[in-house]
Amino acid sequence: MGNNREPLLHKREEEENEYFEDCPGCKVDLLKRSDRSVPVKAVFYISIVTLCAALPISSLFPFLYFMVRDFHIADREEDISYYAGYVGSSFMLGRALTSILWGMIADRYGRKPVVIIGTITVVIFNALFGLSTDFWMAIFLRFLMGSLCGIIGTMRAYASEICRKEYHALGISAVSTSWGIGLVIGPAIGGYLAQPAEKYPGVFSKDSLFGRFPYLLPCLMISLFALVATVVSFWLPETLHKHNKTNKDQSDLHDVAEGTTNGLNLSESMKHSERRIPNSQKSLLKNWPLVSAIFVYCVFQLHDIAYLEIFSLWAVSPRNLGGLSFTTADVGQVLAITGVGLLLFQLFAYPLVERIVGPVMISRVGAVLSIPLLASYPYIAMLSGFCLSIALNCASMLKNVLSVSITTGLLIMQNRAVAQEQRGAANGISMSSMSFFKTIGPATGGSLLSWAQRRQDADILPGDQLVFFVLNVIELLGLLLTFRPFLQEPEDNIPKSKKDSADQSENGIQETLSLTELP
């Protein structure tokens, strides 16, 4: 029985190790098999490109309040946050409408072209956003930038393809870390460099270009970084397999029709042939581990983008409206410190913790700790001076570490739930869904803060207490969804030793072969 099975097993190994000389994906697979070291260069390239895509998303939040004020579209000061929310949402609306398309393009033509187009988009449209002179111009440019930038979903698929299986957590962590750092360093750049003629009058005069366009400098600096990322993206090795396996797949299906192959039973042949059938024929929407992970991810992302917008608007709001009366530079300093702490945690602590407890448990623990932390924010606002600075920096750092840990765990689950041929489309669906949720986040968060600031004397949840209570409700919903029966882990997420897997595989084959021999 064992002798009959050996040739087929060798055949499977040969199929898995097939190499097509002109296929870029095969070249990457060959390199991964021969090089077992930590993919430092790949992780570095992934981080640079992802950071380029993340920086423009939140860099406007510290100065958005003042930018909308300068547009003179709000009749009252309390209404500024309302209009600011729509500017923040326009980027996500554009990305929501095109993410699936970019995912399909990445699966058809490769990851690299999508990345290059996305970095060039940031170079052009982020700089133009800094030149906005009215409310609708700002919304239109942000919408275009979101529509044409398909980097994030593509890089999530790329990170799991360029790294060996044991380094998947590191690759996905590089994406989520750069994403998280971009979301906190972006506002730091915006906070320090906006309105330079007022902050640094010795360097920038009011009659200079940066005096007439006070929000151009941070946008221009991010565009210059995106230009560097464009150059880096040309060095990215393509991971998409570009060869025709149609004849081979038809041969496998013919073996199934015969019923047996060298003694292998029909069910085993069917399972093997299903893995060879192009994955485009299988519906992603029927993949419940993927769908459930995407939905939970979207709930947490709705919370995160609303928090980022609310935090910046709340910090720069005057004290009489429940804010901290911070300047854009003060907000930038807090977020810069947060970014350093986030970087250290994700590089040195997260991969170790993920290997010990798994991605789902990390997401649950992060959500549980976030709830009391957010509840403390209204009381932090009662502090002043050095105590306020220490408490706010610690809270901001811990909150962002927990948020990125939740995101990383769910991203790992999404990529493990699909094969490579569907990974671009799967991440496109994820990005599109997440972007719809993030479209709601800034607009709703800005409107909620604006309404809360008008009810400072309410008996129940006055002022900013209402805002952080609503954020906690969303966080609690996300936490509940991480449990069964809703969230289902991919099969290869279940830890098994190689010996146990081999024994189970051996027993399974023997058992099914015995069954087929019965009359």
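Predicted model, so just to flag it, every value in this text is computed and none were measured.

How each quantity is defined
Residues numbered from 1 in each chain as written. Predicted model: local features only at pLDDT ≥ 70, side-chain atom pairs only at ≥ 80, totals over all residues. Heavy atoms only, no water. Helix = DSSP H or I, 4+ residues; strand = E, 2+ residues; numbered from the N terminus. Buried < 20%, exposed > 50% of the residue type's maximum accessible area, 1.4 Å probe, protein only. Areas by Shrake-Rupley, 256 points an atom, 1.4 Å probe, with all protein chains shown as cover. Salt bridge = Lys/Arg side-chain N within 4 Å of Asp/Glu carboxyl O. Phe/Tyr/Trp six-rings, centres within 6.5 Å; stacked < 30°, edge-to-face > 60°. Core = buried A, V, L, I, M, F, W, Y, C linked by side-chain atoms within 4.5 Å. Domains from an automatic or database assignment. Contact = heavy atoms within 4.5 Å. Patch = residues over 30% accessible without salt bridge, like charges linked within 9 Å, V, L, I, M, F, W, Y side chains within 5 Å. Axes fitted to C-alpha atoms, helices over the stretch in contact; angles between N-to-C directions. Left-handed = near helix turned anticlockwise from the far one by under 90°. Nonpolar A, V, L, I, M, F, W, Y, C, P; charged D, E, K, R; others polar. Polar contact = N/O pair within 3.5 Å; in protein donor to acceptor, adjacent residues only side chain to side chain. Expected span 1.5 Å × (residues − 1). pLDDT = per-residue confidence, 0-100.

Topic: the overall build of the protein chain
Tallying secondary structure elements over the protein chain gives 23 helices and zero strands in all. In the protein chain, which comprises 519 residues, the proportion classed as buried is 55%. Accessible surface for the protein chain amounts to roughly 23,100 Å². Of this, 64% is attributable to carbon and sulfur atoms.

Describing the pattern of salt bridges
For the coordinates displayed, the defined rule picks out five salt bridges. Two residues, Asp 70 and Arg 69, come together in a salt bridge whose shortest N-O distance is 3.5 Å. Between Arg 454 and Asp 79 there is a salt bridge, and its shortest N-O distance comes to 3.5 Å. Taken together, the residues Arg 454 in the loop between α21 (420–452) and α22 (464–481) and Asp 79 in the loop between α4 (61–71) and α5 (80–109) connect sequence positions 375 residues apart. Overall, Asp 79 belongs to the buried group, its relative accessible area being 16%. Salt bridges sharing common partners tie together Asp 107, Arg 111 and Glu 161.

Some words on the packing of aromatic side chains
Evaluated as defined, the whole model comprises 19 aromatic pairs. Between the aromatic rings of Tyr 83 and Phe 135, the centroid separation amounts to 5.7 Å while the plane-to-plane angle is 90 degrees, which identifies the pairing as edge-to-face. One end of the pair, Tyr 83, is in helix α5; the other, Phe 135, is in helix α7 (residues 135–148), with 52 residues separating them in the sequence. On the numbers, 5.4 Å between centres and 75 degrees between planes, the contact of Trp 288 with Phe 486 is edge-to-face. With Trp 288 in helix α15 (residues 288–316) and Phe 486 in the loop between α22 and α23 (498–516), this pair connects stretches of sequence that are 198 residues apart. With a relative accessible area of 23%, Phe 486 lands in the partly exposed category. Here a set of aromatic residues connected by ring pairs shows up, and it is made of Tyr 82, Tyr 83, Tyr 86, Phe 135 and Trp 136.

Quick look at the nonpolar core
In this structure, Val 87 and Tyr 377 are the most contacted members of the largest nonpolar core, which totals 125 residues. Top contributing element to this core by residue count: α15, with 19 residues. Each of two domains, domain 1 (34–239) and domain 2 (284–491), supplies a minimum of three residues to this core. Excluding residues that lie within four positions of it along the chain, Tyr 377 makes contacts with Tyr 307, Phe 311, Trp 314, Ala 395, Ser 396, Lys 399 and Phe 468.

Here's the deal with a nonpolar patch on the surface
A grouping of Leu 352, Val 353, Ile 356, Val 357, Met 361, Val 365, Val 368 and Leu 369 is seen on the molecular surface, where their side chains present a nonpolar patch of about 670 Å² in accessible area. Secondary-structure elements contributing two or more residues to the nonpolar patch are α17 (350–357) and α18 (359–375). Mapped onto the elements, Val 357 comes out in helix α17.

Some words on the packing of α4 against α5
Two numbers describe how α4 lies on α5: the axes approach to 9 Å, and their chain directions differ by 120 degrees. Judged by the twist between their axes, the crossing of α4 over α5 is right-handed. Between α4 and α5, the contacting residues are Phe 61, Leu 64, Tyr 65, Val 68 and Arg 69 on the first element and Ile 80, Ser 81, Tyr 83, Ala 84, Val 87 and Gly 88 on the second. Grouping the amino acids of the contact of α4 with α5 by side-chain chemistry returns eight nonpolar, two polar and one charged.

Section: the environment of Thr 407
In this fold, Thr 407 is placed in helix α20 (residues 385–416). Along the sequence, Thr 407 and Gln 301 sit 106 residues apart, while their C-alpha atoms lie 7.9 Å from each other. Residues within four places of Thr 407 in sequence aside, it is in contact with Ser 176, Tyr 297, Gln 301 and Asp 304. Among the polar contacts made by the side chain of Thr 407, one reaches the side chain of Gln 301 at a distance of 3.0 Å.

Focus on unusual backbone geometry
Note the cis peptide between Arg 484 and Pro 485, where omega equals 10 degrees. Within the secondary structure, Pro 485 is located in the loop between α22 and α23. The phi torsion at Ser 325 lies on the positive side, around 60 degrees, for a residue other than glycine. A positive phi angle, near 50 degrees, is found at Leu 461, a position not held by glycine. Looking at the element boundaries, Leu 461 is found in the loop between α21 and α22.

Notes on helix α16 (residues 328–348)
Turn by turn, an α-helix covers 3.6 residues, leaving residues three or four places apart pointing in a common direction. The first and last C-alpha atoms of α16 sit 31 Å apart over 21 residues, in line with the 30 Å expected at 1.5 Å per residue. Among all positions in α16, only Thr 328, Val 331, Gly 332, Val 334, Leu 335, Thr 338, Gly 339, Gly 341, Leu 342 and Gln 346 are buried. Lining the buried residues of α16 we find α4, α9 (168–193), α10 (196–199), α15, α17 and α20.

Examining helix α12 (residues 216–233)
Here α12 spans 25 Å end to end across 18 residues, near enough to the 26 Å set by a 1.5 Å rise per residue. What α12 keeps buried is the set Leu 216, Leu 217, Pro 218, Cys 219, Ile 222, Ser 223, Ala 226, Ala 229, Thr 230, Val 232 and Ser 233. In this fold, the buried residues of α12 make contact with α3 (40–58), α4, α6 (111–129), α9, α10 and α11 (209–212).

A look at the side chain of Asn 126
As for its placement among the helices and strands, Asn 126 is situated in helix α6. The exposure class assigned to Asn 126 is buried, which follows from its relative accessible area of 0%. A polar atom in the side chain of Asn 126 sits 3.0 Å from the backbone oxygen of Cys 219. Aside from chain neighbours lying at most four places away, what touches Asn 126 is Pro 56, Thr 121, Met 145, Cys 219, Ile 222 and Ser 223.

Focus: the confidence of the model for the protein chain
Taken over all residues, the pLDDT of the protein chain has a mean of 79, while the share at 70 or more is 83%. Contacts from residues 493–519, a stretch scored under 50 in pLDDT, to residues over four places away or in other chains number 19 contacts.

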